Structure formats: structure tokens, C-alpha cells
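# Fold and contact review
So the chains spell out like this:
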Amino acid sequence: SKPGSKPTVVKFVAYPDNPNICVVTTLKAYLDRTSSLRGGAQQLFISHSKSFKPVSRDTISIWVKTVMQKSGIDVNLFKPQIEFQSNFNLQVSLI
């Protein structure tokens, strides 16, 4: 990102009617479970290998493509399109 630019802010609203499909509940659980692995990392997604460093957009694209393939989606017809700023940090506001 450009110097002085503000990070993208994404706000999610809780869905208390069903915590099993609530994105806020899921994100809180993910952040709690990965907090000891993160160190000072501010990015949402970190590697699942021992380095536990923030992952690149290319890695996220591979993960999405793998999930799409395992879900039976023809990735030759539907390709994951992950567009981030090269130094993208996600600030999540959980309401």
C-alpha cells in the first residue's frame, strides 16, 4: 500500500440466531485459536506450517482453488480471483 494510506476496514455484524453460521463467532474463534501463533502479525491469515507467518495473496488463491476443486467446482470455468493490495492488512471490526 502507499505510504500514508489507511488500511481497508471490513465490518461484520453478528448473527446470534445461529452461532454455527455466524461469521463473527467463527472469526473470534479463529483469532483466539491462532493468537499464540501470531506474534505481532496483523494479517488475518497466517501459515499453517511451523513458521506461522502471514500468507501471501498467492497462497490464499491456492487455498481457495483447492477448496473449490474439492467442492466439485470446475476451476477451469470458475477461477478464484483474489485481489488484494500487495501489503494488505485486514482490520476487522466484530460487532
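Just so it is clear, the structure is predicted and the values come from calculations on it, not from any experiment. (Residues numbered from 1 in each chain as written. Predicted model: local features only at pLDDT ≥ 70, side-chain atom pairs only at ≥ 80, totals over all residues. Heavy atoms only, no water.)

## Description of the overall build of the protein
- Per the secondary structure count, the protein includes 2 helices and 2 strands.
- Ordered by position from the N terminus, the helices and strands of the protein form the series β-α-α-β.
- Relative to its full complement of 95 residues, the protein shows a buried share of 17%.
- Here the contacts in the protein between residues at least 6 apart in sequence split such that 42% fall between residues at least 24 apart.
- Carbon together with sulfur atoms contributes 54% to the accessible area of the protein, which is approximately 7500 Å² in total. (Helix = DSSP H or I, 4+ residues; strand = E, 2+ residues; numbered from the N terminus. Buried < 20%, exposed > 50% of the residue type's maximum accessible area, 1.4 Å probe, protein only. Contact = heavy atoms within 4.5 Å. Areas by Shrake-Rupley, 256 points an atom, 1.4 Å probe, with all protein chains shown as cover.)

## Quick word on helix α2 (residues 57-70)
- Between the first and last C-alpha of α2 there are 20 Å, a value that for 14 residues agrees with the 20 Å anticipated at 1.5 Å per step.
- In the stretch just after α2, G72 is the one whose phi turns positive, near 90°. (Expected span 1.5 Å × (residues − 1).)

## Concerning the environment of K65
- Counting through the fold element by element, K65 comes out in helix α2.
- Taking relative accessible area as the criterion, K65 reaches 39% and is therefore assigned partly exposed.
- Through-space distance from the C-alpha of K65 to that of F78 is 9.3 Å; in sequence the pair is 13 residues apart.

## Digging into the side chain of S47
- Note that S47 resides in the loop between α1 (23-38) and α2.
- Polar side-chain contacts of S47 include one of 2.7 Å to the side chain of S49.
- Once residues within four sequence positions are removed from consideration, S47 is found in contact with F52, K53 and V55. (Polar contact = N/O pair within 3.5 Å; in protein donor to acceptor, adjacent residues only side chain to side chain.)

## Structural notes on the confidence of the model for the protein
- This prediction gives the protein a mean pLDDT of 79; 80% of its residues lie at or above 70.
- Within the protein, no element has a lower average pLDDT than strand β2 (residues 91-94), which sits at 49, and none a higher one than α1, at 90.
- Segment residues 90-95 is flagged for pLDDT under 50; beyond a separation of four residues in sequence, or across chains, it makes 23 contacts in the model. (pLDDT = per-residue confidence, 0-100.)

## Notes on a nonpolar patch on the surface
- Nonpolar side chains collect at one region of the surface, where I73, L77 and F78 lie side by side and expose about 330 Å² of accessible area between them.
- On the secondary structure map, I73 appears in the loop between α2 and β2.
- Among the residues examined, I73 registers a relative accessible area of 36% and is labelled partly exposed. (Patch = residues over 30% accessible without salt bridge, like charges linked within 9 Å, V, L, I, M, F, W, Y side chains within 5 Å. Salt bridge = Lys/Arg side-chain N within 4 Å of Asp/Glu carboxyl O.)

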